[in-house]
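Structural characterization, general
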Amino acid sequence: MTFWLYPRLPVAKVNKFVSDYSSKSIGEIAREERLNYSEGVTYAPTGGNKIGDKELKDLRHKIVVCAKKHGYPEPAPKDARRKFDIECGAILYDAMHIYPAEACRMEVWAYITCILTPDIVLWRFPMLEKVEEDDENVKPNERFLGSDRGLRRNTFGRLWWRAYLFYKEDSPNHFELLEHLTEDEIVQLTERNSLAASPQLIRSFAEAFLVGIKRYADSSIPDLRRNLIRESTKRLRRRLPMIAFEILDDSTLRQMLDEIIEQTALALQKSPPLVRK
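Below is a short write-up of the structure.

So, how was this worked out
- All residue numbers here refer to positions counted from 1 along the written sequence of the relevant chain.
- Local features in this predicted model are restricted to residues whose pLDDT is 70 or higher, and side-chain atom pairs enter the listing and the counts only when it is 80 or higher, whereas totals over whole chains, interfaces and linings include all residues.
- For side-chain calculations, the full set of non-hydrogen atoms in the structure is used, while hydrogens and water are omitted.
- Only DSSP runs of H or I with at least four residues qualify as helices, and only runs of E with at least two residues qualify as strands; both kinds are numbered from the N terminus onward.
- Radius of gyration: over C-alpha atoms. The globule rule applied is 2.2 Å multiplied by the number of residues raised to the 0.38 power.
- Partly exposed describes any residue whose relative accessible area lies between the buried limit of under 20% and the exposed limit of over 50%, with all areas from a 1.4 Å probe on protein chains only and scaled to the type maximum.
- Pairs of residues are marked as contacts when any of their non-hydrogen atoms sit within 4.5 Å.
- In these tables, accessible area is a Shrake-Rupley quantity obtained with a 1.4 Å probe, and a residue counts as shielded only by the protein chains included in the view.
- Charged residues are defined narrowly, with Lys and Arg counted positive, Asp and Glu counted negative, and His plus the chain ends left uncounted.
- A charge is said to be at NZ when it belongs to Lys, at CZ for Arg, at CG for Asp and at CD for Glu.
- Stacked, edge-to-face and tilted are the three classes for Phe, Tyr and Trp ring pairs, Trp counted by its six-membered ring, which pair at centre distances within 6.5 Å; planes under 30 degrees apart are stacked, over 60 edge-to-face, the rest tilted.
- Charge over a ring is defined by NZ of Lys or CZ of Arg lying within 6 Å of the ring centre and within 35 degrees of the ring normal.
- Expected helix span is taken as 1.5 Å per residue step, with the number of steps being one fewer than the number of residues.
- Axis lines are fitted to C-alpha atoms, over the contacting stretch for helices. Their N-to-C directions set the angle, which ranges from 0 to 180 degrees.
- In what follows, roughly perpendicular refers to angles from 65 to 115 degrees, roughly parallel to angles under 35, roughly antiparallel to angles over 145, and oblique to any angle outside these ranges.
- Helix crossings fall into two classes, left-handed where the near helix is turned counterclockwise from the far one by less than a right angle and right-handed where it is turned clockwise.
- We call Asp, Glu, Lys and Arg charged. Ala, Val, Leu, Ile, Met, Phe, Trp, Tyr, Cys and Pro are nonpolar, and the rest, Gly among them, are polar.
- The patches described consist of residues with a relative accessible area above 30% and no salt bridge, like charges being joined within 9 Å and nonpolar side chains (Val, Leu, Ile, Met, Phe, Trp, Tyr) within 5 Å.
- Whenever Lys or Arg places a side-chain nitrogen within 4 Å of a carboxyl oxygen from Asp or Glu, that contact is recorded as a salt bridge.
- Grid points spaced at 1 Å over the protein atoms alone were grouped into cavities, where a 1.4 Å probe fits but cannot get out, and pockets, open sets with protein on both sides within 12 Å along at least five of seven lines, with lining residues defined by an atom within 4 Å of a point.
- Grid points are joined across faces, edges and corners, and a volume is the space filled by probe spheres set on the points.
- We call two N or O atoms a polar contact when they sit within 3.5 Å, provided that within protein one can donate a hydrogen and the other can accept it, with sequence-adjacent residues counted only if both atoms are side-chain atoms.

In this section: the overall build of the protein. Counting its regular elements, the protein contains 14 helices and 2 strands. The C-alpha atoms of the protein give a radius of gyration of 20 Å, which matches the 19 Å a tight globule of 277 residues would have. Seen along its three principal axes, the alpha-carbon backbone of the protein occupies a region of about 60 × 45 × 35 Å. Looking at the protein as a whole, 48% of its 277 residues qualify as buried. Sequence-distant contacts in the protein: of pairs separated by 6 or more residues, those separated by 24 or more amount to 74%. Total accessible area on the protein is roughly 14,000 Å²; 50% of this is exposed by carbon and sulfur atoms. Charged side chains of the protein number 44 positive and 42 negative; the gap between the two group centres comes to 3 Å.

Okay, the packing of aromatic side chains next. Applying the stated criterion across every chain yields a total of 14 aromatic pairs. Between tyrosine 93 and tryptophan 160 the ring centres are 6.2 Å apart and the planes differ by 35°, which places this aromatic pair in the tilted class. Of this pair, tyrosine 93 sits in helix 4 (residues 78-96) while tryptophan 160 is found in helix 8 (residues 157-166), placing the two residues 67 residues apart along the sequence. Given a relative accessible area of 25%, tyrosine 93 falls into the partly exposed group. Three or more aromatic residues joined by ring pairs form one cluster here, namely Tyr93, Trp109, Trp160, Trp161, Tyr164, Tyr167 and Phe175. A cation over an aromatic ring shows up here: lysine 16 above the ring of phenylalanine 17, its NZ or CZ 5.0 Å from the ring centre.

Further remarks concern helix 4. With 19 residues, helix 4 should reach 27 Å at 1.5 Å per residue; the first-to-last C-alpha distance of 26 Å fits that figure. Taken as a whole, helix 4 has its buried residues at Ala80, Arg81, Arg82, Phe84, Asp85, Ile86, Cys88, Gly89, Ala90, Leu92, Ala95 and Met96. At the C-terminal side of helix 4, histidine 97 shows a positive phi close to 50°.

Further remarks concern the packing of helix 13 (residues 224-239) against helix 14 (residues 250-270). Two elements in contact, helix 13 and helix 14, have axes whose closest approach is 9 Å; the angle formed by their N-to-C orientations is 125°. As far as their axial angle goes, helix 14 and helix 13 are oblique. In this structure, the crossing between helix 13 and helix 14 has a hand that is right-handed. Residue-level contacts link Asn227, Leu228, Glu231, Ser232, Arg235, Leu236 and Arg239 of helix 13 to Leu257, Ile260, Ile261, Gln263, Thr264, Ala265, Ala267 and Leu268 of helix 14. Of the residues that constitute the contact of helix 13 with helix 14, the class distribution is 8 nonpolar, 4 polar and 3 charged.

Together, Glu169, Asp170, Asp249 and Asp250 give the surface a local cluster of negative charge. With respect to the secondary-structure elements, aspartate 249 resides in the loop between helix 13 and helix 14. The class for aspartate 249 is partly exposed, based on a relative accessible area of 44%.

We now examine empty space enclosed by the protein. The tally for this structure, following the rule as stated, stands at 1 cavity of 30 Å³ or more. Here the largest cavity defines a volume of roughly 50 Å³. Around the largest cavity, the lining residues are Arg82, Asp85, Ile86, Gly89, Ala90, Leu159, Arg162, Leu178 and Ile186. Of all the elements in the fold, those that place two or more residues in the lining of the largest cavity are helix 4 and helix 8. In terms of residues, the lining of the largest cavity owes the most to one element, helix 4, which gives 5 residues.

It is worth spelling out the side chain of serine 232 at this point. Mapping serine 232 onto the fold places it in helix 13. By relative accessible area, which is 0% here, serine 232 ends up buried. Reaching out from serine 232, the side chain makes a polar contact with the backbone oxygen of isoleucine 229 at a distance of 3.4 Å. If near-sequence neighbours (up to four positions away) are discounted, serine 232 is found in contact with Phe205, Ile260, Ile261 and Thr264.

All right, on to the pattern of salt bridges then. Considering all chains together, one arrives at 21 salt bridges under this definition. Between glutamate 176 and lysine 168 there is a salt bridge, with its nearest N and O atoms 2.9 Å apart. On the basis of relative accessible area, glutamate 176 is assigned to the partly exposed category, the value being 21%. Of the charged contacts, one joins glutamate 207 and arginine 254 as a salt bridge, the two residues approaching to 3.8 Å between their closest N and O atoms. A residue pair is termed long-range when its members are at least 10 positions apart, and glutamate 207 in helix 12 (residues 199-215) and arginine 254 in helix 14 qualify at 47 residues.

Function-wise, these values are silent; they only describe arrangement.
Below, the structure is given as structure tokens:
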């Protein structure tokens, strides 16, 4: 497989593009030709082959087709946006042919959002609208730039990283975990650097959690999914400095994670968290 090196847009230029797009419609932005933009754009000197315009256009085409399937350019309901995220993440993972080390660069994702697909960004996250619970206090430029390797808030960086972290090689549906986890649960796992550093750990924990919510579905735990994911990740993170999870085989790792879920559920049954008013 050929791995591509992607154009890198300096993060200092993101605000300029966001300001420009804020006064235009999605249709106007979609009709603009931007692939010839080169001011400040760089590439990594080694680590793959420089991607060409044809491949970039093909990637854009796949993303646009996926977006149209879910309502683009018209406003889409929350369920459609959720399905777009999952399907687009799979497309990015399969089509980008990018090393994690290259995907760590925020400049790569800034290019994807600001140059290649700004119209899709504005469709997915309308600037003047708070469309999801997790959008509170998120500034428009954060959907074009993001933070932490692009994993947080960047429209497409977060989707690639989710697909990469939750990819199940031994399953016919490689991205089934993303279909079963809620947005809040995915954020709880991917935005904790200590967990997101290990695909094996995050996948195994997600599997243990999904089994746990079925096992304790009839328990007295209030708001089961929300409290179980939050409290069990806290319990797991307290163990990370003491246990080298990365050297455990799959069976031993899963057993330990099942125990963490069980211990958390029992603790929640004995002492439910306080309900915030």
